[in-house]
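Structural characterization, general
So the chains spell out like this:
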Amino acid sequence: MITSIQISTGSAAALGLAGYRISTLPTTAYFFLMGEGCRGKCLFCPQSSKLDARAGRVSRVEWPSYDVSSVLKGLSKSGGIKRACIQCSDEPKIAIRALELVRGIKGVRDIPISVSIPPIPIEDIESLKRGGVERLTIPLDCSNERLIQTIKGKSMDDVLRSLSDAVDVFGRGKVGTHIIAGLGEAEREVVMLIDSLFAMGILPSLFAFFPVIGTALGGRAPPSIESYRRLQIARFLVVERGLHSESFEFDQLGNIAKIHVPSEEIKEIVQRGEAFMVAGCPGCNRPYFNERVRGPIYNYPRPLEDADVMRVEGEINGSFACPGV
C-alpha cells in the first residue's frame, strides 16, 4: 500500500501543503511514484540508479514527500487543480502502484488523470485504461537511436512499439511522449520525429534540456533559446496547423533555415503566443520545469503578455526564412 508520495513543490503549494511563494501555480497536480528505486539509466536525471545525485529532484524541480492521506485531502479541496499527473519511475510492477494511486484520486476528485510511465507490456496499458486513466505518456526524450541508447540505455524501437500499443488501447490523441531538445540532436531530427509521431496519433511535448548538478550531463549547456523557439514553431505548425516535415528546409548543421508558410502566419503565431507555452495534456502548465524563474523562459506556464511577445520576437528575428521575409 502506498503511504507516501512525492509531489512537485508547485503542486504542494497548490494543494495547501506548503507555503511556497510561486508566481504561477500549476493547474495539474504532479505526483512522482517510486517504490524500491528507479532502475533507469538516464544520464540527465537525478533519479537514475547509476548517478550520485539529489534524489529529491526530478529535472530541476524539488519533489518533497508527503503522506498520501494529506495529499488526497488537499486535492479534494483544491479547485484550481484540473488534472492529476502520475509520473512513474522505471521499476517492476510500477503500473500496479499507479493504479492504486489512481483509485485514491478517483475517491476524492472526479478529474482526468494522466500517467507518464516507461515502456510497459500492453496488458499493463490495458489495466491503466480500465482503471480510469484518461491519457498515457511514454517518454522518448531522445530524438534518435544513438542518443536514446547512450543517454537512456533504451531502444527507440521498443519505446515506439509501446507507444503504438498505447494508441491501440487509448486511441489517437490520448497518448503522448516527451522530446528533450539540447541532448545532441539536430533540429532536423526533432522536426522529423514530431511529424512521424503525430502521424501515429501521438502528441509530442517539447522540453528544453536543463543541466542538473550531480548528473552525468550536469556540465552540459541547455539549448540556445533561438534554436528552441524554432522547434516550438515547428511543433505548433505540425500539431496545430497540419504541416509536414517536407515544408521545412535545413542548413548544413541540420538547423531550420526556411519554413514554407507565409510570413504573416509566423507573425500571427508569435503574436498569439500559444506555441511558446507548455504543451502537454489539457490543463498542464508545468511552471518552470526546465528553466529558472529569472529566465530565459523556454516553456511559458501562462499566456504570454505583451512584453513576453516582444521578447520572443527578438529571439526569433532572422532565425529562419519564409516566403515574403
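Residues numbered from 1 in each chain as written. Predicted model: local features only at pLDDT ≥ 70, side-chain atom pairs only at ≥ 80, totals over all residues. Heavy atoms only, no water.

1. Focus on the overall build of the chain
What counts is decided by this rule: Helix and strand definitions follow DSSP, with helices as H or I runs of at least four residues and strands as E runs of at least two, each counted in order from the N terminus. Atoms considered for the radius of gyration are the C-alpha atoms alone. The globule rule reads 2.2 Å times the number of residues to the power 0.38. Think of it in three bands: residues with accessible area under 20% of the maximum for their type are buried, residues over 50% are exposed, and the middle band is partly exposed, with areas taken using a 1.4 Å probe on protein chains only. When checking whether two residues touch, look at their non-hydrogen atoms; a contact exists if any pair is within 4.5 Å. Neither His nor the chain ends contribute to the count of charged residues, in which Lys and Arg are positive and Asp and Glu negative. Charge coordinates come from a single atom per side chain, which is NZ of Lys, CZ of Arg, CG of Asp or CD of Glu.
A tally of helices and strands in the chain yields 10 helices and 12 strands. Rg of the C-alpha trace for the chain: 19 Å, near the compact-globule value of 20 Å for 325 residues, within the 12% margin. On the principal axes, the C-alpha backbone points of the chain span a range of 60 × 40 × 40 Å. The buried share among the 325 residues of the chain stands at 54%. Within the chain, counting contacts between residues at least 6 apart in sequence, those at least 24 apart form 72% of the total. Each charge sign in the chain was given a centre, from 39 positive and 37 negative side chains, and these centres are 6 Å apart.

2. Some details on the packing of aromatic side chains
Put simply, the test is: Here is the rule: rings of Phe, Tyr and Trp (six-membered ring for Trp) pair when centre to centre is within 6.5 Å. Planes less than 30 degrees apart are stacked, more than 60 are edge-to-face, and the remainder are tilted. Remark: a charge is flagged as sitting over a ring if the NZ atom of Lys or the CZ atom of Arg is within 6 Å of the ring centre and within 35 degrees of the ring normal.
Inspection of the entire model under this criterion finds 3 aromatic pairs. Taken together, a centroid distance of 6.2 Å and an interplanar angle of 70° make the contact between Phe32 and Trp63 edge-to-face. Here Phe32 is found in strand β2 (residues 28-33), whereas its partner Trp63 is found in the loop between β4 (61-62) and β5 (65-67), with 31 residues between them in sequence. Neither residue differs from the other here; Phe32 and Trp63 are each classed as buried. Above the ring of Phe289, the side-chain terminus of Arg286 is found at 4.4 Å from the ring centroid.

3. What to know about the environment of Ile22
In this structure, Ile22 sits in the loop between α1 (9-14) and β2. Taking the C-alpha atoms as reference points, Ile22 and Glu187, separated by 165 residues in sequence, lie 33 Å from one another. When near neighbours in sequence (up to four residues on either side) are disregarded, Ile22 contacts Thr9, Gly10 and Ala13.

4. A few points about the pattern of salt bridges
Condition: Think of a salt bridge as a Lys or Arg side-chain nitrogen and an Asp or Glu carboxyl oxygen that are within 4 Å of each other.
Counted according to the given criterion, the structure contains 15 salt bridges. The residue Glu134 makes a salt bridge to Arg135 at a minimum N-O spacing of 3.3 Å. Residue Glu268 is joined to Arg241 by a salt bridge in which the shortest nitrogen-to-oxygen separation is 3.1 Å. Of this pair, Glu268 sits in helix α9 (residues 263-272) while Arg241 sits in helix α8 (residues 225-241), placing them 27 residues apart in sequence. With a relative accessible area of 31%, Glu268 lands in the partly exposed category. Shared partners join several salt bridges into a network, and the residues in it are Arg241, Glu265, Glu268, Arg272 and Glu274.

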